[in-house]
There are 2 protein chains.
Amino acid sequence: MGEFELIRNFFAAAPCAQGGEGVALGIGDDCALLAVPSGEQLAVSTDTLVAGVHFADPCDPFLLGQRSLAVAVSDLAAMGATPVAFTLALTLPTVTADWLQAYARGLSQMAQGCGVALVGGDTTRGPLSLTMTVFGRVPAGQALTRSGARPGDLLCVGGELGNAAGALPLVLGQRAAADVAGPLLAHYWSPQPQLALGQALRGKATAALDISDGLLADCGHIALASNVRLEVERERVPLSDALVAFLGQPGAERAALSGGDDYVLAFTLPSVELPALLADGWPVHVIGRVAQGQGVVLLDRDGRDITPQIRGYQHFQESP
Amino acid sequence: MGEFELIRNFFAAAPCAQGGEGVALGIGDDCALLAVPSGEQLAVSTDTLVAGVHFADPCDPFLLGQRSLAVAVSDLAAMGATPVAFTLALTLPTVTADWLQAYARGLSQMAQGCGVALVGGDTTRGPLSLTMTVFGRVPAGQALTRSGARPGDLLCVGGELGNAAGALPLVLGQRAAADVAGPLLAHYWSPQPQLALGQALRGKATAALDISDGLLADCGHIALASNVRLEVERERVPLSDALVAFLGQPGAERAALSGGDDYVLAFTLPSVELPALLADGWPVHVIGRVAQGQGVVLLDRDGRDITPQIRGYQHFQESP
């Protein structure tokens, strides 16, 4: 048995590969088989992480295991889907038992937290990269897309922004860790896909996505798909105390507006839906509104358009 | 707009990305949405091809486009599934318009032939590799797995074997092309997934897979999953005239038994099913039988076990 077949057996024996609801046939055949309940659709998304591009190399394999799956599952949250399963295409330059075990532990922990089962994949030799394809189910016609925002809707996010971007100088070794950095690093390495929030927004939000490229850039995707203008009020964008302590107020604002890797939901909501969501305790932060027009504008507290000034900053590495 | 966003738009505009039956939402949102008819299941498989490992680098991007999709779709054929869609995770060191256009042409041509729509993916910078995840639908309970072979069944293949392995020395530049090499190279670069055969075998074959690692090695997977012994009769393994002309009889036999990349179906069949399949014109070649026991044995025309001698050859590069 070759070393790559050993790896396949290793993953097939992992806790996260032991089937689950909706998995009719798991790892080990030519295909996995997924059961989709009548009246539901299957949501599918693929993400690739390349060493040296999307994460530092070397890095902690346990944390990489968590992060690589969380990033992919976050797309299911953005559609309001219930996670079912995932496949992993893992390309490795060399086979190291310690590395694999730590990676699989991180992966399994995140898989368990998200309720997804590993149902297949491929393991090959080559420069380190990971491609995850995730599967979720969603009632037909209820998925949250990017294209339904309407003028008058509120623009909302599901939590504090910028934490992961704030951690990037630490991750890249450009800055030494400070006491306040712990929560930022945790957010970078172990983002928590907002699955429950996404499901709660079904039938309520008119558009949604998960913020991966930065708030302003991702709002641009909703604006384009929905053919509307999104107005973001800078003062209302939620910032964590840790981020402000680490970067100062202007740096924290830049991280929250233009940094990436948040994996927090951004969505548009008819205002009539807001009170019930808040009453139920959902983390809904109104940061602006949807208007007629195109594109994204950033407003200061006096309603002045400050978009160009902020957009001029290209402080954080843009992932291709 | 960055160059990788341009690539995404390029693929989103490709003919193969324009939706299709079973695609409720295609490229462009956080997830694609697939509709699975009531009473059917979704078959899923992931394959990675790495430059310099699974294909020569550089190589013809049009041919690579065809091959990369065909290899993945072949897993749907092996399950008896009807293709629906696929995602493409493409990692590229540099962006070259000519390369991308040729690759997309090859991809689209194969996608059209197989009836699959491109519904999503990811494009990243890094060492050249491709990960395809393919989706097909199959009536619940009718998928062809590896685990149902029973003693007494016939062992069959869906066509001539060894052609792609025969082409490998040409692909790797180890041998100059000969007149007879055309069909071999065509088989290597543009394998034709046996989708119709796989669907015809639903409810008839007791086990099936597509031969990717070589006949004997892949028969081992059926033997293990079904807990039976597979007996392969060397004389009955179908060889193409082109392969015998190019490699000679012993070389052709080795390629057919131990070479990989065939993407021809191997399956087990109760003998009662054979006449109707042959009468309907399906390419079913009986090459042996299923017996009680374990493992795979190769028999000569006199029924002598010649397994060790043949297994000793490791003529072709084993892909990890």
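Reading the values: rules and limits
Residues numbered from 1 in each chain as written. Chains lettered and ligands numbered in written order. Predicted model: local features only at pLDDT ≥ 70, side-chain atom pairs only at ≥ 80, totals over all residues. Heavy atoms only, no water. Helix = DSSP H or I, 4+ residues; strand = E, 2+ residues; numbered from the N terminus. Rg over C-alpha atoms; globule rule 2.2 N^0.38 Å. Buried < 20%, exposed > 50% of the residue type's maximum accessible area, 1.4 Å probe, protein only. Contact = heavy atoms within 4.5 Å. Areas by Shrake-Rupley, 256 points an atom, 1.4 Å probe, with all protein chains shown as cover. Lys, Arg positive; Asp, Glu negative; His and termini not counted. Charge placed at Lys NZ, Arg CZ, Asp CG, Glu CD. pLDDT = per-residue confidence, 0-100. Pairing = 2+ DSSP bridges. Axes fitted to C-alpha atoms, helices over the stretch in contact; angles between N-to-C directions. Least-squares fit on C-alpha atoms with pLDDT ≥ 70 in both. UniProt positions renumbered as here; feature names shortened; annotations may be inferred. Phe/Tyr/Trp six-rings, centres within 6.5 Å; stacked < 30°, edge-to-face > 60°. Lys NZ or Arg CZ within 6 Å of the ring centre and 35° of its normal. Left-handed = near helix turned anticlockwise from the far one by under 90°. Buried area = accessible area lost by both parts, 1.4 Å probe. Salt bridge = Lys/Arg side-chain N within 4 Å of Asp/Glu carboxyl O. Polar contact = N/O pair within 3.5 Å; in protein donor to acceptor, adjacent residues only side chain to side chain. Nonpolar A, V, L, I, M, F, W, Y, C, P; charged D, E, K, R; others polar.

Asks: Would you take a moment to explain the overall build of chain A for this structure?
Replies: Helix and strand counts for chain A stand at 10 helices and 12 strands. Computed over the C-alpha atoms, the radius of gyration of chain A is 20 Å, within 12% of the 20 Å expected from 2.2 N^0.38 for a compact globule of 320 residues. Taken along its principal axes, the extent of the C-alpha atoms in chain A is 70 × 50 × 30 Å. Counting the 320 residues in chain A, one finds 59% classified as buried. When contacts within chain A are restricted to residue pairs at least 6 apart in sequence, those whose partners lie at least 24 apart make up 84%. Split by element, the accessible area of chain A, about 12200 Å² in all, is 49% carbon and sulfur. Charged side chains of chain A number 18 positive and 31 negative; the gap between the two group centres comes to 6 Å.

Asks: Honestly, the side chain of Gln41(B) in this entry has me stumped. Any pointers?
Replies: With respect to the helices and strands, the residue Gln41(B) is situated in strand 3 (residues 40–50). What Gln41(B) contacts, discounting residues up to four positions off in sequence, is Ala24(A), Leu33(A), Leu34(A), Val36(B), Gly136(B), Arg137(B), Val138(B), Ala140(B) and Gly141(B).

Asks: Would you take a moment to explain the confidence of the model for chain A for this structure?
Replies: The predicted structure's coordinates, where accompanied by low pLDDT, should not be read in detail. Residue-level pLDDT values for chain A average 92, and 96% of them are 70 or greater. Considering only residues more than four positions removed or in separate chains, one finds that residues 310–320 of chain A, a stretch of pLDDT under 50, has 23 contacts.

Asks: Even after reading the chapter, I still don't get the sheet that holds strand 11 (residues 285–291) of chain B, so can you show me in this structure?
Replies: Strands in a sheet are paired, the pairing made by backbone hydrogen bonds, and the direction either parallel or antiparallel. Residue and element names in this part refer to chain B. Judged by pairing direction, the sheet is mixed, and its six strands sit side by side in the order 8-10-7-11-9-12 without closing on themselves. Edge positions in the open sheet fall to strand 8 (207–210) and strand 12 (296–299), since each of these has one partner strand only. Recorded for the sheet is a direction-independent mean angle of 25 degrees between the axes of neighbouring strands. Judged from the four bridges that link them, strand 9 (residues 229–233) and strand 12 form a sheet pairing that is parallel. By the bridge assignment, Leu230 is partnered in strand 12 with Val296.

Asks: Sorry if this is basic, but what is going on with the relation of the copies chain B and chain A here?
Replies: Both copies of the chain are related through a single rotation about an axis accompanied by a shift along the same axis. Of the transformation placing chain B onto chain A, the axial shift is 0.0 Å and the rotation is 180 degrees, giving an RMSD of 0.0 Å. Such a turn and shift between the copies fits a two-fold axis. Using C-alpha coordinates, one finds that chain B approaches the rotation axis most closely at Ser38(B), a distance of 2.7 Å. Here 100% of the interface residues in chain B have copies in chain A that are interface residues too; the copies meet face to matching face.

Asks: I would appreciate a short explanation of the UniProt feature "binding site: Mg(2+) 5" (unreviewed entry) in chain A in the present structure.
Replies: The UniProt record marks Asp213(A) with the feature "binding site: Mg(2+) 5" (unreviewed entry), using the residue numbering of this structure. Owing to a relative accessible area of 40%, Asp213(A) belongs among the partly exposed residues under this scheme.

Asks: Mind showing me how you'd approach the packing of aromatic side chains here?
Replies: What characterises a pair of aromatic rings is the spacing of the ring centres plus the angle enclosed by the ring planes. If you walk through the whole model with that rule in mind, you get seven aromatic pairs over all chains. Each ring, one from Phe135(A) and one from Phe135(B), has its centre 5.7 Å from the other, and the planes form 85 degrees; the classification is edge-to-face. Linking Phe135(A) in strand 6 (residues 129–139) with Phe135(B) in strand 6 (residues 129–139), this pair reaches from one chain into another. Accessibility assignment for this pair places Phe135(A) and Phe135(B) in one class, buried. When the centroid spacing of 5.5 Å and the interplanar angle of 70 degrees are considered together, the rings of Phe10(B) and Phe11(B) count as edge-to-face. Overall, Phe10(B) belongs to the partly exposed group, its relative accessible area being 30%. The exposure class of Phe11(B) is buried, given its relative accessible area of 5%. The side chain of Arg175(B) reaches across the aromatic face of Phe246(B), ending 3.9 Å from its centre.

Asks: What is the right way to read the packing of helix 4 (residues 163–171) of chain A against helix 8 (residues 241–258) of chain A from this model?
Replies: A pair of packed helices is captured by two measures, namely the crossing angle of their axes and the spacing between those axes. Residues and elements named next belong to chain A. Interhelical geometry of helix 4 versus helix 8 gives an angle of 115 degrees and a closest axis separation of 10 Å. Considering how the two elements wind past one another, helix 4 and helix 8 form a crossing that is right-handed. Two secondary-structure elements touch here, helix 4 through Asn163, Ala165, Gly166 and Leu170 and helix 8 through Leu243, Phe246, Leu247 and Ala255.

Asks: What should I look at first to understand the interface of chain B and chain A in this one?
Replies: Interface size is often expressed as the accessible area that is lost when the parts come together. The interface is formed by 52 residues belonging to chain B together with 52 residues belonging to chain A. Taken over both partners, the interface formed by chain B and chain A buries close to 3800 Å², and the fraction arising from carbon and sulfur atoms is 58%. One can count four salt bridges joining chain B with chain A. The partner of Asp29(B) in a salt bridge is Arg146(A), and the shortest N-O contact between them spans 3.7 Å. For the interface between chain B and chain A, the tally reads 15 residue pairs in polar contact (both at pLDDT 80 or more). A total of nine residues in the side of chain B that touches chain A trace back to one element, the largest contributor, which is strand 3 of chain B. Split into classes, the residues belonging to the side of chain B that touches chain A amount to 25 nonpolar, 17 polar and 10 charged.

Asks: Would you take a moment to explain the UniProt feature "binding site: Mg(2+) 1" (unreviewed entry) in chain A for this structure?
Replies: In this numbering, the UniProt entry assigns the feature "binding site: Mg(2+) 1" (unreviewed entry) to Thr46(A), Asp47(A) and Asp122(A). With respect to the secondary-structure elements, Thr46(A) resides in strand 3 (residues 40–50). Those residues in contact with Thr46(A), other than ones at most four positions away along the chain, are Thr131(A), Met132(A), Thr133(A), Thr87(B), Ala89(B), Gly121(B) and Asp122(B). Here Thr133(A) takes part through its side chain, which lies 3.0 Å from a polar atom of the side chain of Thr46(A). On the secondary structure map, Asp122(A) appears in strand 5 (residues 117–125). Other than its neighbours up to four places away in sequence, Asp122(A) contacts Arg8(A), Leu88(A), Ala89(A), Leu90(A), Thr46(B), Asp47(B) and Thr48(B).

Asks: Teacher, can you tell me more about the pattern of salt bridges here?
Replies: Proximity of charged atoms lets side chains of opposite charge pair with each other. Applying the stated criterion to the full structure yields 26 salt bridges over all chains. With a closest N to O distance of 3.7 Å, Arg234(B) and Glu253(B) form a salt bridge. Separated by 19 residues along the polypeptide, Arg234(B) in the loop between strand 9 and helix 8 (241–258) and Glu253(B) in helix 8 bring together distant segments of the chain. For Arg234(B), a relative accessible area of 22% gives the class partly exposed. When salt bridges that share partners are traced, they join Glu21(A), Glu40(A) and Arg137(A) into one network.

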